[in-house]
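Fold and geometry: a report
Take a look at the letters that make up each chain.
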Amino acid sequence: DYGRAERTLSNALQAGKAGPLAGNISPLGQTTAESDAVKLTDLRGLWVLLLFLLFVAVLFFLSPGRIAVFFHRTIPLLFAGRQHPVNLSRLSPETRAGMGQPLEVLSKKSQAGDKESQYYLGWKYYFGDGVKKSESTAIEWIQRAAESGFVKAQYAMGNIYRYGVGVKTNAEQAFQWYLKAAQQGSPKAQVAVGGAYSSGYGILRDESTAFTWLQKAADQGYAPAQDLVAFAYEEGQGIPQDYGKAI
């Protein structure tokens, strides 16, 4: 009986070791499987802490100017030449309201040479709003408005050629349309022109001229331009380095 009990106990221990959830008993009463799980959890917590500390370090290292450059110049240049999705949420409330006019009214005004109506009609065709969708017709009307001097249409044409919306990308054409809008005081276009001069996009690189255009936009209170101007002073790009003005 004693031998049989010993064999039974031995078999039970061997079966326990082979079980999927079993493990050896630790001095604290935990199985080794439980101990391993605790160690794994501790390591995950450590990784989270290390990632958080790295994130904080990056925030201290990056200045607002560098962040502005990344979002307003680096990323757009990386995506230049790719199809840029346009949706109604990207348009101003004024433009969406203008598009809301009846097709017959916009068409009549556009044919009569009203540049604002031509711009709205172009977007109406682009989105197929109450009319058959047509990118080519949309660009035709937006370009007519741009050629008539409508600043929003000029900036839109810059984006159209920059991102290849219904046309082949063309850096030189994009720059020229941005420049026309910038010369009329559009802060967004002024930043685009400044970025083009800074990176040599569609024009010869010229950091000094880039700064001039960014400063024009910053003087109008355009926040992205103000960040870029701060970065320029901090790094001495196109202007003598001046940490006081960077702040």
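Note that the structure is a prediction, hence the values are computed from the model and not measured.

1. Notes on the overall build of the protein chain
Helix and strand counts for the protein chain come out as 13 helices and 0 strands. The proportion of buried residues among the 247 residues of the protein chain is 33%. The long-range fraction of contacts in the protein chain, counting pairs at least 24 apart against all pairs at least 6 apart in sequence, stands at 46%. Summing over all exposed atoms, the protein chain offers an accessible surface of approximately 15100 Å²; the carbon and sulfur share of this is 59%.

2. Let's talk about the nonpolar core
Generally speaking, nonpolar side chains in soluble globular proteins are found buried as a group. Ranked by size, the top nonpolar core spans 40 residues in total, and within it Tyr-119, Trp-123, Ile-142, Ala-153, Met-157 and Val-193 carry the most contacts. For this core, the elements supplying multiple residues, two or more each, are helix 6 (115-127), helix 7 (135-147), helix 8 (151-163), helix 9 (171-183), helix 10 (187-199) and helix 11 (207-219). Considering every element that reaches this core, the biggest residue donor is helix 9, with 8 residues. If near-sequence neighbours (up to four positions away) are discounted, Tyr-119 is found in contact with Thr-95, Trp-141, Ile-142, Ala-145, Phe-150, Lys-152, Ala-153 and Ala-156. Counting residues in each nonpolar core, the second largest holds 10 residues, with Ala-218, Ala-225, Leu-228 and Ala-232 among its members.

3. So, the pattern of salt bridges
Applying the stated rule across the entire model yields 4 salt bridges. A salt bridge links Asp-129 to Lys-124; the shortest N-O distance between them is 3.4 Å.

4. Section: the packing of aromatic side chains
Inspection of the entire model under this criterion finds 8 aromatic pairs. Ring geometry for Tyr-119 against Trp-123: centres 6.2 Å apart, planes inclined by 85°, an arrangement best described as edge-to-face. Here Tyr-119 and its partner Trp-123 are both found in helix 6, 4 residues apart, which amounts to about one turn of the helix. The residues Tyr-119 and Trp-123 share a single accessibility class, namely buried. Taken together through their ring pairs, the aromatic side chains of Tyr-119, Tyr-120, Trp-123, Tyr-126, Phe-127 and Phe-150 make up a single cluster. Between Lys-216 and the ring centre of Trp-213, over which it is positioned, the NZ or CZ distance is 5.6 Å.

5. Some thoughts on a nonpolar patch on the surface
A grouping of Leu-46, Trp-47, Leu-49, Leu-50, Phe-52 and Leu-53 is seen on the molecular surface, where their side chains present a nonpolar patch of about 650 Å² in accessible area. Among the structural elements, Leu-46 can be located in helix 2 (residues 32-61). You can call Leu-46 partly exposed: its relative accessible area is 43%.

6. Considering the side chain of Thr-95
Structurally, the position occupied by Thr-95 is in helix 4 (residues 93-99). Thr-95 sits in the buried class, given a relative accessible area of 1%. Separated by 3.0 Å, the side chains of Thr-95 and Ser-92 make a polar contact. When sequence neighbours within four positions are dropped, the list of residues in contact with Thr-95 reads Tyr-119, Tyr-120, Trp-123 and Lys-152.

7. Notes on the confidence of the model for the protein chain
For the protein chain, the mean per-residue pLDDT works out to 77, and 64% of the residues sit at or above 70. Counted against residues more than four places away or in other chains, residues 17-38, with its pLDDT under 50, gives 13 contacts. Confidence drops under pLDDT 50 across residues 74-83; counting only partners more than four residues distant or on other chains, this segment forms 21 contacts.

Parameters and conventions
- Residues numbered from 1 in each chain as written.
- Predicted model: local features only at pLDDT ≥ 70, side-chain atom pairs only at ≥ 80, totals over all residues.
- Heavy atoms only, no water.
- Helix = DSSP H or I, 4+ residues; strand = E, 2+ residues; numbered from the N terminus.
- Buried < 20%, exposed > 50% of the residue type's maximum accessible area, 1.4 Å probe, protein only.
- Contact = heavy atoms within 4.5 Å.
- Areas by Shrake-Rupley, 256 points an atom, 1.4 Å probe, with all protein chains shown as cover.
- Core = buried A, V, L, I, M, F, W, Y, C linked by side-chain atoms within 4.5 Å.
- Salt bridge = Lys/Arg side-chain N within 4 Å of Asp/Glu carboxyl O.
- Phe/Tyr/Trp six-rings, centres within 6.5 Å; stacked < 30°, edge-to-face > 60°.
- Lys NZ or Arg CZ within 6 Å of the ring centre and 35° of its normal.
- Patch = residues over 30% accessible without salt bridge, like charges linked within 9 Å, V, L, I, M, F, W, Y side chains within 5 Å.
- Polar contact = N/O pair within 3.5 Å; in protein donor to acceptor, adjacent residues only side chain to side chain.
- pLDDT = per-residue confidence, 0-100.

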